[in-house]
Amino acid sequence: MRLLALLGFAGLLAACGGATPNSAVEQRPGNNASPARGAAVAQGEPSKTDAVPAFPEQNRAPESKSGVTLEVETIADGIDNPWGSAILPDDGAILVTSKAGKLWLVAPGKPKTEVTGVPRVDARDQGGLLDVSVGPDFMTARTVYFSFSEDRGGGKSGTSLAKARLSADRSKLENVSTIFRQVPAWASTAHYGSNIEWDSSGNIYLTLGERYEPESRQLAQDLDAHIGKVVKLKPDGSPADDNPFIGRANSKPEIWSYGHRNVQGAAINPATGKLWTIEHGPRGGDEINIPEAGKNYGWPLITYGIDYPGTPIGEGVTAQEGMEQPIYYWDPVIAPGDMIFYTGNLFPWNGDLIIAALGTTQLVRLDIEGDRVIGEERLMSDQGRIRDITQAPDGALYVLVDDGGKVLRVTPRS
Ligand SMILES: [Ca+2]
């Protein structure tokens, strides 16, 4: 068994370009340099020892050091498990959700203030007030959107999406209406997914978890359920016009892609306009995908992880005909929250993915080339469980720390 584990690990290393744990890591100063070929970030042995990546650098990309030292400043604290954030386009203040069910306005240099009017949320376990996003019409109509786990009665809950008007004085939500409800509701308090992202035509991508339970997880493959899906919606919550399963029998018209586990983070790649998602795996198998219309991302039939007790998931396979491969995976997991594509000039990271890692309490930076990950860096391990990242107008990062209850402003030390 031990030998098998070692062989599996050696196989993974070999697939990453023949690197050995001792090979030197080349310094990589910026985005224009060619990628370093070297050892992966130190991260321990994989849980799924028989997994072989489908292509080189699908995991354990070479470590890439950008040479940046971070300056970290706390701009708000005392927030009960901050979860999601959104920058207001008028003055750059930040809306921050607290999982417990409150919405806060954080303007740097001022005390945080509460925004009232949030509907009741089911805050048991992983549930609560989750993501928040500013509508494309914010400057004229002051529309904000938020996702939450909603009590559906009988101990069941589901992810819901609501819109509201932020009052002119930014003290309350007005005209709150719930515009989409994930069905079926489930007697579970976990895996709500729940990232809100906008495409360039003003449609919403909302990620929906598979609700964790052995029975609900199977519904990630069922097109007649919103469980384990990415849905694409118009701003009123109805299905987007180009959704792939509109008019198909026994299929939900809101579905964009399926076979997802628990996608809590997503971002639009500014270079392509395409949606990228980041998904919690089980033990092993956190994934980045580029979900395309109507495609199947495989959960729970294929995965690079194993179940928590150490047993295989399904047949224990990582690939199957008709199912898409992740463009990148982690084993051991990082337990990802949200992610952004960095588009600023303050850090030398333009075009890179910056990921909030809850499990490893880090920012994870990935070098991207086209649709591939070519380098990985781990940053800021000392602040607690990182849940969410937003880019400030000046290129700084606002970072939400789940267990610390804080909003951090992160800049490069000059
Ligand atoms: Ca996001």
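Structure: above.
Residues numbered from 1 in each chain as written. Predicted model: local features only at pLDDT ≥ 70, side-chain atom pairs only at ≥ 80, totals over all residues.

Draft legend 1. Structural view of unusual backbone geometry. Cis geometry is adopted by the peptide bond preceding Pro184, which originates at Val183 and carries an omega value of -5°. Positionally, Pro184 belongs in the loop between strand E9 (173-181) and strand E10 (193-198). Cis geometry marks the peptide bond from Asp331 to Pro332; its omega dihedral reads 5°. The residue Pro332 is located in the loop between strand E17 (328-330) and strand E18 (336-341) in this model. Look at Asn81: it is not a glycine, yet its phi comes out positive at around 50°. Taking the C-beta count within 10 Å as the criterion, Asn81 has 20 such neighbours and is therefore assigned buried. The phi dihedral of Ala335 is positive, around 60°, even though this residue is not glycine. Counting through the fold element by element, Ala335 comes out in the loop between E17 and E18. (Helix = DSSP H or I, 4+ residues; strand = E, 2+ residues; numbered from the N terminus. Buried ≥ 20, exposed ≤ 12 C-beta atoms within 10 Å, placed from the backbone.)

Draft legend 2. Up close: the environment of Gly155. As for its placement among the helices and strands, Gly155 is situated in the loop between strand E7 (143-153) and strand E8 (156-166). As for Gly155 and Asp122, which are separated by 33 residues in sequence, their C-alpha atoms are 9.8 Å apart.

Draft legend 3. Representation of the sheet that holds strand E2 (residues 82-87) within the structure. Ordered in space as E2-E3-E4-E5, the four strands form an open sheet in which the pairing is antiparallel. Both outer strands of the open sheet, E2 and strand E5 (113-115), are each paired with one neighbouring strand and no more. When strand polarity is set aside, the average angle formed by the axes of neighbouring strands in this sheet is 30°. Where strand E3 (residues 94-98) lies against strand E4 (residues 102-106), five bridges are found, and the strand directions are antiparallel. In the strand pairing of E4, Leu95 is matched with Leu105. (Pairing = 2+ DSSP bridges. Axes fitted to C-alpha atoms, helices over the stretch in contact; angles between N-to-C directions.)

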